[in-house]
Structure formats: C-alpha cells, structure tokens
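One letter stands for each residue in the lines below.
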Amino acid sequence: MQVGLFFWPFSPDLVRRMAAAAERYGYDMIGIADTPGNAMDPWVAATLVAEATARSRIALCVSNLESRHPAASAAAIASLDLLAPGRAVLGLGTGHSGTRNIGLDRSRVAALADGARFIRELLAGRPASWQGSEAHLPWVKRPSPVFLAASGPKALAGAAVTADGVFVNFGLAADNIAQTQAAIVAGALAAARDPAEIETWQIAALDCNADGEASRRKVGAILAFMAAGYILQGDLAARGVPAELRAAIGELRRRYSTRPGAADAALVDELGLFDYLSRRFAIYGTPVQCREQMLAAQAAGLNRVMFSVSLAADPVATVELFGREVLPALRQG
C-alpha cells in the first residue's frame, strides 16, 4: 500500500510542518494543490517541500493548462527535479477551484490530453508544438512523470493513452475501483501500451482525529467540494450514483462552494448525502475507525491513495495521527 497526501498551501509554516510530518511517518508522496484563489503559489510551496524532505515524492496535485502555460509548467517541474532529483511529479487536471476562483474556464478533456503530450515531449528534451507555436527546453536533465486527474471513462482512457499516471477521482469501493481500472486498461490497450505502465492513485478525503465527532463535522466540506466539483458530473447513473440520490447530488452541484467551509458540510447533511459520500470518498474518524475503513478499501483493491487533508479538523495532526497509528497496519506483511 502506497499512501500520499495533498493539501492547499495556506502558509509557508503549514507547508514546512506538513512536509516534516509526511517525511517522518513515511508517506510516499506529498502533493501541493494549485488553487491561487485559496492559497499561496504551489511552486513556491513545492520548493519548500523539496528543501524539507529527502525521500517522499513531490507532486503538483494538481495544476491546469488555463492559468499556466504548459511549457512554463514543464520548465517548473524540471526545475523542481533539480532540487529533488527523481522525486518530482506534475499532475494536471481540467481545472476546478484553480481556474474558477480566478475567472477562468476549465479545459476540455481532449485539450488536457494534448497538453500532457506536449509537456512529455518537452521533458524528454525534444522540441514540441502547442497551439501553433514551438517550444524547447534543452536544459532538462531527466523527464519527470506527468499524471492526469480523471474520473469519467473518457478522461481515464485518455490519461492511459497520453500520461505516465492517473490521479483517479471516483471512489474507494470495490465497484468504483474496478470500473475506473477497466477504463484505464482499455485506453492503454487501445494505444498499444502496457496497462501496468500507468501508475494509478485513487483520490480520497482524510480526517483522522482522536475526537471522531470533530472529524465527522469537518469532513463534509471537502466531500461537497470533491463530489460536486469534479467527480459526480455529467451522467450520474454512469458515475454510479443511486437513482434516489441523483436529485440531491444535482442540488449539491448547484449550491456548493469552491471555497468550501462549514456551510458546505451543513449542506451535505441537509441533503442527506453524508453517509453515501463519506463511504465512497472519505476515510474519517478515530484511528481505529480509519484503520478499519482503510483495511476494507485495501481488500476492495486499493493499493495507492492520495488523501486530501486541507479541510481536516487539524491537517497536520491528521497526517501525524494517521501516520503513527494507521499506516503501520497497512504495511504489515
């Protein structure tokens, strides 16, 4: 079981504390979200993480093609690799809070795939064209992997064709994992790629707290943000949402915020969605509860997970408590 975390870099102090905790407890990847309407610049934060760690991989989880030119992102991840050789990962998505909160539209799935191709060419040291113009980064030392964030079958298949890995936003249940893995395998085979070459990480929320009720009160906000913002879009039946919950999900999509807080947690409860969303998208509660939920997810096929911890009741304490009392149980044997 590989376990990583990602967060919104609200301050340099938080970034350093999160990096130290993740490194101390053996998390495999530390991700920084690109959300300028909510937090500081992710590349500055990623540099702080690189300086504070020696082992964990460091990911942009995730950036986009709208607020940053893809050639600039390629140069940035190659620069991060100079600080943390072999540990840098560039994650890209179509955009959510990172675009909406600064007045930009999302990318289309096809454009995201094109951007991944372009960046991978540049990171391989070759000239590449983007929207009619050519770029070249001849100084790049080694290619950092490029991951795409995806949830729907088209995006998952596209990521399997054009990227080195996928951050999958779909859920931790056995049927969720099987459905997304099938789409990735189909996309890889269609492109004559070995599916085993596509590194897949599931995305979920984490709030581990000695006070299980405090965890329960807080986790609803990130569930609203994740589910309404980028997972449960389009055809809800195809996204695995039970028929009796689709109207409530539609209302959640209409009313949630890209700057989530207590109102979003209350909204999830008001709409009667907490039990469904938390079972599918979160690990939360006391260490004993989190350990039980993780072992169940592991039995369902989970082998790599990136946890969003930004909105936990205490993000640093969550990383420390989970690392101390849950991670060892996942790695036994």
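Before going into details, it helps to say that this report is about the structure given with it.

Analysis parameters
- Residues numbered from 1 in each chain as written.
- Predicted model: local features only at pLDDT ≥ 70, side-chain atom pairs only at ≥ 80, totals over all residues.
- Heavy atoms only, no water.
- Helix = DSSP H or I, 4+ residues; strand = E, 2+ residues; numbered from the N terminus.
- Buried < 20%, exposed > 50% of the residue type's maximum accessible area, 1.4 Å probe, protein only.
- Phe/Tyr/Trp six-rings, centres within 6.5 Å; stacked < 30°, edge-to-face > 60°.
- Lys NZ or Arg CZ within 6 Å of the ring centre and 35° of its normal.
- Contact = heavy atoms within 4.5 Å.
- Core = buried A, V, L, I, M, F, W, Y, C linked by side-chain atoms within 4.5 Å.
- Axes fitted to C-alpha atoms, helices over the stretch in contact; angles between N-to-C directions.
- Parallel < 35°, antiparallel > 145°, perpendicular 65-115°, else oblique.
- Left-handed = near helix turned anticlockwise from the far one by under 90°.

Structurally, Arg-108 is set in the loop between α4 (97–100) and α5 (109–123). Judged by relative accessible area, which is 67%, Arg-108 ranks as exposed.

Attention now moves to the packing of aromatic side chains. In this description, a pair of aromatic rings is defined by centroid distance and the angle of the planes. The final tally for this structure, using the stated rule, is six aromatic pairs. On the basis of an interplanar angle of 75° and a centroid distance of 5.3 Å, the ring pair of Trp-8 and Phe-225 is categorised as edge-to-face. Remark: Phe-225 occurs in helix α8 (residues 212–231) and Trp-8 occurs in the loop between β1 (2–7) and α1 (12–25); sequence separation between them is 217 residues. With relative accessibility at 7%, the residue Trp-8 sits in the buried group. Their ring planes at 75° and their centres at 5.4 Å tell us that Phe-307 and Phe-322 sit as a pair that is edge-to-face. One end of the pair, Phe-307, is in strand β11 (residues 304–308); the other, Phe-322, is in helix α13 (residues 315–325), with 15 residues separating them in the sequence. The same class applies to Phe-307 and to Phe-322, which are both buried. In textbook terms, an aromatic cluster arises when at least three aromatic residues are bridged by ring pairs, as seen for Trp-8, Phe-10 and Phe-225. Directly above the ring of Phe-274 sits Arg-216, whose terminal nitrogen or CZ lies 3.5 Å from the centroid. The ring of Phe-170 carries Arg-280 above its face, with NZ or CZ at 4.7 Å from the centroid.

Of note, Asn-38 is situated in the loop between β2 (29–32) and α2 (42–52). For Asn-38, a relative accessible area of 16% puts it in the buried group. Asn-38 has contacts with Trp-8, Phe-10, Ser-97, Asn-101, Thr-258 and Arg-259, leaving out every residue within four places of it along the chain.

A few words now on the nonpolar core. With 79 residues, the main nonpolar core has Leu-5, Phe-7, Met-294, Phe-307 and Phe-322 as its most contacted residues. The greatest single-element share of this core, amounting to seven residues, is contributed by helix α3 (residues 70–83). Contact partners of Phe-7, with chain neighbours within four places excluded, come to Leu-14, Val-15, Met-18, Ile-30, Gly-31, Ile-32, Ala-33, Val-309 and Ser-310. Within the second largest apolar cluster, 45 residues are counted, among which are Ala-59, Ile-222, Ala-282 and Met-306.

Packed helix pairs are specified by the crossing angle of their axes together with the interaxial distance, meaning the distance between the axes. Orientation of helix α6 (residues 153–162) relative to helix α7 (residues 174–190), taken along the N-to-C sense of each, is 45°, at an axis distance of 7 Å. One finds that α6 runs oblique with respect to α7. As for how α6 packs across α7, the hand of that crossing is right-handed. Residues Pro-153, Leu-156, Ala-157, Ala-160 and Val-161 of α6 touch α7, and the partners they reach there are Thr-180, Ala-183, Ile-184, Gly-187 and Ala-188.

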